[in-house]
Amino acid sequence: DAALFALARAAGKPVSFEFPGFADLAEFMGSMPDVAQAQYVRWLLDYLEERDRGEDTDSYGWIEGRRPVRSLERMAALPELFAEMQGRRNQWWAETIRDLLAKWRSAFVGVGQLHVMGASGIPAKLSAMGIAAELAD
């Protein structure tokens, strides 16, 4: 993201982040219901346990072009967390992208793979708003 940030700034393009600083991330996490916060901790601990056992956590599979199926499965098993991270957060992203497109007509948006997969992914939410989204190869 640092390289993209530098290129955009050099071209005079506006750049913004979902969470500009740690306080913004902490505010988002703190705004989640208590049960979702507890499930987020469980999700992270499950990931660390899988990693420590030498299992494929698929966290860096994107480097090889693999989808984060295991991460999504791990989250889908925690319904309140899934609703917050894949439901509410992806809806926010879709609305933000819609508003960016209305203002600028085009925008580059970078998100993690987990946010583009399935019926709760950002492309599906954009499609429901009548906005065609194409994933880059």
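Going by the structure above, here's the rest.
Scope of this entry: the structure provided in the associated data block. Bear in mind the structure is a predicted one, so any value in this text is a computation, not a measurement.

## Digging into the overall build of the protein chain
And step 1. Helix and strand counts for the protein chain stand at six helices and zero strands.
And step 2. For the protein chain, the N- to C-terminal ordering of α and β elements is α-α-α-α-α-α.
And step 3. Taken over the C-alpha atoms alone, the protein chain extends approximately 45 × 30 × 30 Å along its principal axes.
And step 4. The burial tally for the protein chain puts 28% of its 137 residues in the buried class.
And step 5. By sequence separation, contacts in the protein chain at least 24 residues apart represent 58% of the contacts at least 6 residues apart.
And step 6. Summed over its atoms, the accessible surface of the protein chain is roughly 9,200 Å², and 58% of this surface lies on carbon and sulfur atoms.
And step 7. For the protein chain, the separation between the mean place of its 15 positive charges and that of its 20 negative charges on side chains is 6 Å.

## Quick word on the packing of helix α3 (residues 34-52) against helix α5 (residues 79-104)
And step 1. As a packed pair, α3 and α5 sit with axes 8 Å apart at the nearest point and diverge in direction by 95°. By the angle between their directions, the pair α3 and α5 is classed as roughly perpendicular. On α5, the residues touching V35, A36, Q39, Y40 and W43 of α3 are P79, E80, L81, E84 and M85.
And step 2. Each residue belonging to the contact of α3 with α5 can be placed in one class, and the counts come to seven nonpolar, one polar and two charged.

## Considerations on the side chain of R89
And step 1. Examined against the element boundaries, R89 turns out to sit in helix α5.
And step 2. Among the residues examined, R89 registers a relative accessible area of 14% and is labelled buried.
And step 3. A polar atom in the side chain of R89 sits 2.8 Å from the side chain of E18.
And step 4. Apart from residues no more than four positions distant in its own chain, R89 is found in contact with E18, F19, F28, E84 and H115.

## Things to note about the nonpolar core
And step 1. Of all hydrophobic cores here, the largest spans twelve residues; its members are F28, M29, M32, A36, W43, L72, M75, L78, L81, M85, L114 and M117.
And step 2. Of all the elements in the fold, those that place two or more residues in this core are α2 (22-31), α3, α4 (69-76) and α5.
And step 3. Once residues lying within four places of it in the same chain are set aside, the contact partners of L81 are M32, A36, Q39, Y40, W43, M75 and Q86.
And step 4. Of all hydrophobic cores here, the second largest spans six residues; its members include W93, I122, L126 and I131.

## Digging into the side chain of Q39
And step 1. Following the sequence through the fold, Q39 ends up in helix α3.
And step 2. A polar contact of 2.7 Å, which involves the side chain of Q39, links it to the side chain of E80.

Cut-offs and rules
Residues numbered from 1 in each chain as written. Predicted model: local features only at pLDDT ≥ 70, side-chain atom pairs only at ≥ 80, totals over all residues. Heavy atoms only, no water. Helix = DSSP H or I, 4+ residues; strand = E, 2+ residues; numbered from the N terminus. Buried < 20%, exposed > 50% of the residue type's maximum accessible area, 1.4 Å probe, protein only. Contact = heavy atoms within 4.5 Å. Areas by Shrake-Rupley, 256 points an atom, 1.4 Å probe, with all protein chains shown as cover. Lys, Arg positive; Asp, Glu negative; His and termini not counted. Charge placed at Lys NZ, Arg CZ, Asp CG, Glu CD. Axes fitted to C-alpha atoms, helices over the stretch in contact; angles between N-to-C directions. Parallel < 35°, antiparallel > 145°, perpendicular 65-115°, else oblique. Nonpolar A, V, L, I, M, F, W, Y, C, P; charged D, E, K, R; others polar. Polar contact = N/O pair within 3.5 Å; in protein donor to acceptor, adjacent residues only side chain to side chain. Core = buried A, V, L, I, M, F, W, Y, C linked by side-chain atoms within 4.5 Å.

Note that every value here comes from positions in space, so none of it alone points to a role or purpose.
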